[in-house]
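Below are the chains, spelled out letter by letter.
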Amino acid sequence: MFSPAERSFLRTTIESSVGAFPSRLESQFPNPAYRRKLMWGIRQKAERSFADWQLYMQAAQREPRILPRPSSRDATSAPLFADPLVTLFQDLRRRLSRRPRSSGGRSPGEE
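Residues numbered from 1 in each chain as written. Predicted model: local features only at pLDDT ≥ 70, side-chain atom pairs only at ≥ 80, totals over all residues. Heavy atoms only, no water.

(A) Main features of the overall build of the protein chain. Secondary structure assignment for the protein chain yields four helices and zero strands. What you see in the protein chain, going N to C, is helices and strands ordered as α-α-α-α. Within the protein chain, the fraction of its 111 residues that count as buried is 26%. At a minimum sequence separation of 6, the contacts of the protein chain that also span at least 24 residues come to 47%. When the accessible surface of the protein chain is split by element, carbon and sulfur atoms take 57% of a total near 8500 Å². (Helix = DSSP H or I, 4+ residues; strand = E, 2+ residues; numbered from the N terminus. Buried < 20%, exposed > 50% of the residue type's maximum accessible area, 1.4 Å probe, protein only. Contact = heavy atoms within 4.5 Å. Areas by Shrake-Rupley, 256 points an atom, 1.4 Å probe, with all protein chains shown as cover.)

Have a look at this one:
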């Protein structure tokens, strides 16, 4: 859903301490107009997909077979039925971190 730059921006946001966040963000994205453009793109994509995620989560509460299956090698992951949203986002994060990074343009299908 997010571009590699938007993912990097979000990771920087998550991984930075509150006090170090502004300076780390500025060092990684020095152009303030570009930072604003990234934030705007992230907000737009999140807003467009929010209704779909709500629909998915409501359906997952009734039909657990549409949830991602827990990995047998990850014994520390949240139980499948304890919190479907946590399970979903853990799986998404794992899948995104395994994707090879391209040095050039966008991959097919990315916005």
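(B) Structural view of the packing of aromatic side chains. Tallied over the entire structure, the rule returns three aromatic pairs. Ring centres 5.6 Å apart and planes at 55° place the aromatic pair F9 and F29 in the tilted group. Highlighted residues: F9 in helix α1 (residues 4-15) and F29 in the loop between α2 (21-28) and α3 (32-62), separated in sequence by 20 residues. The burial state of F9 is the same as that of F29; both residues are buried. With centroids separated by 6.2 Å and ring planes inclined at 40°, the aromatic side chains of F29 and Y34 adopt a geometry described as tilted. (Phe/Tyr/Trp six-rings, centres within 6.5 Å; stacked < 30°, edge-to-face > 60°.)

Read these as spatial facts, not as claims about activity.
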